[in-house]
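Below are the chains, spelled out letter by letter.
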Amino acid sequence: MKTDTLFYRFLLELPEIFFVLVGRPATDAAHFRFMAVELKDTAVRIDGVYLPSPVNNDESAYFVEFQNHRSDRTYSNLLLKVGLYLEKVNPCQNWQAVVIYPTRSVEQDNLQPYRAWLDSDQLTRIYLDELPEPKPEEIGQRIVRLIIAKPGDAVDRAQQLIPQVRASSEPAERRAHLIQLIETVVAYKLPHLSRKELEKMLQVDSFRETKIYQEAFEEGVEEGIEKGIEKGKAEVALRLLAEKVPVATIAKATGLTAAAIKRLQKKSNK
């Protein structure tokens, strides 16, 4: 699942979430524009930068990195991007760097080369799973929690969130947009499910055929070719096992070997 793409979509479409994460009022988002910056002649692309509006030149630009997997180059890469931006675009730009991790365990081990920077006020590290549970009215933050949730937990959270969004005092267009984002997260999490299955699971009338959903679904299918299909077959097999369907029948229906199905059965009985 390409959570990096999904998270940057959130930063673009719900910028107030980011400013709450860094301890600023959500309303500050109105003074920034979120951009992906291509630095010419360097082949470097900065996926997420909140640039202050021209009337707020004294504000810092925020360079945002969502790090979903372990890498020994997280901070060296971010420093490179910041340095290139200052060199190529605006050497006088005040700036802050923010690295957002789903969990502390994916942060690189060797922090020694970056110790001065890590201890400075120019870098903020956020571990999403260590944040306090959002309040019921903090819908945006609760949607972000879906990204780091396991598929089953994400579905449970989505099923609770959608009715609350519908009942909220947000404008109708905003409510529709929030529900669309919830649907998109679930599409990323469960790429092997059909649209009808997703509609039934989330109790929505029609799963939106918008660009954001199509991109999520297409990426899920692409990755599913390598990973999701086998996972989907396993889940189907487990459902059939629970219904006492014979192993031979399950093998024929899913394409899994009898041995693989028996291993699933043994694991589920633990």
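Residues numbered from 1 in each chain as written. Predicted model: local features only at pLDDT ≥ 70, side-chain atom pairs only at ≥ 80, totals over all residues. Heavy atoms only, no water.

Draft legend 1. Examining the pattern of salt bridges more closely. Within this structure, the stated rule accounts for 11 salt bridges. The salt bridge partner of glutamate 59 is arginine 24, with a shortest N-O separation of 2.7 Å. A residue pair is termed long-range when its members are at least 10 positions apart, and glutamate 59 in the loop between β2 (44–52) and β3 (61–66) and arginine 24 in the loop between α2 (15–21) and β1 (32–39) qualify at 35 residues. Its relative accessible area of 22% is what places glutamate 59 among the partly exposed residues. Taking the relative accessible area as the measure of exposure, arginine 24 reaches 18% and is therefore buried. Between arginine 104 and glutamate 130 there is a salt bridge; the shortest N-O distance is 2.9 Å. Taken together, the positions of arginine 104 in the loop between β4 (95–101) and α4 (115–118) and glutamate 130 in the loop between β5 (123–127) and α5 (139–148) put the pair 26 residues apart, joining distant regions of the chain. Here glutamate 130 falls in the partly exposed class, since its relative accessible area comes to 44%. (Salt bridge = Lys/Arg side-chain N within 4 Å of Asp/Glu carboxyl O. Helix = DSSP H or I, 4+ residues; strand = E, 2+ residues; numbered from the N terminus. Buried < 20%, exposed > 50% of the residue type's maximum accessible area, 1.4 Å probe, protein only.)

Draft legend 2. Structural detail: helix α11 (residues 258–268). Along α11, the residues that are buried comprise Ala260, Ile261 and Leu264. Angular distribution of buried residues about the axis of α11 spans 100°; they occupy a single face of the element. Exposed and facing more than 90 degrees away from the buried side of α11 are Lys262, Arg263 and Lys266. (Arc of directions from axis to C-beta.)

Draft legend 3. Representation of the sheet that holds β1. Overall, mixed pairing links the five strands, which are arranged β1-β2-β3-β4-β5 in an open sheet. A single partner strand is all that each edge strand has here, and the edge strands are β1 and β5. Averaged over all pairs of adjacent strands, the angle between their axes in this sheet comes to 25°, without regard to strand direction. Taken together, the seven bridges between β1 and β2 define a ladder with antiparallel strand orientation. Residue pairing across strands places valine 37 opposite isoleucine 46, the latter belonging to β2. Of the strands in this sheet, β1, β2, β3, β4 and β5 are in contact with helix α3 (residues 74–88), which crosses β4 at around 150°. (Pairing = 2+ DSSP bridges. Axes fitted to C-alpha atoms, helices over the stretch in contact; angles between N-to-C directions. Contact = heavy atoms within 4.5 Å.)

Draft legend 4. Fine view of the packing of aromatic side chains. A full pass over the atoms with the stated rule returns 15 aromatic pairs. Relative to phenylalanine 19, the ring of phenylalanine 18 has its centre 5.2 Å away and its plane inclined at 85°; by these criteria the two rings are edge-to-face. Judged by its relative accessible area of 0%, phenylalanine 18 falls in the buried class. Phenylalanine 19 gets classed as buried once you look at its relative accessible area, which sits at 0%. For the pair phenylalanine 63 and tryptophan 95, a centre-to-centre distance of 6.5 Å together with 85° between the ring planes defines the contact as edge-to-face. Taken together, the residues span a long stretch of sequence, with phenylalanine 63 in strand β3 and tryptophan 95 in strand β4 at a distance of 32 residues. Using a relative accessible area of 1% as the deciding quantity, one classes phenylalanine 63 as buried. Taken together, Phe18, Phe19, Phe32, Phe34, Tyr50 and Tyr62 form an aromatic cluster joined through their ring pairs. Looking at arginine 104, its charged tip hangs above the ring of tyrosine 127, at a distance of 4.0 Å from the centre. (Phe/Tyr/Trp six-rings, centres within 6.5 Å; stacked < 30°, edge-to-face > 60°. Lys NZ or Arg CZ within 6 Å of the ring centre and 35° of its normal.)

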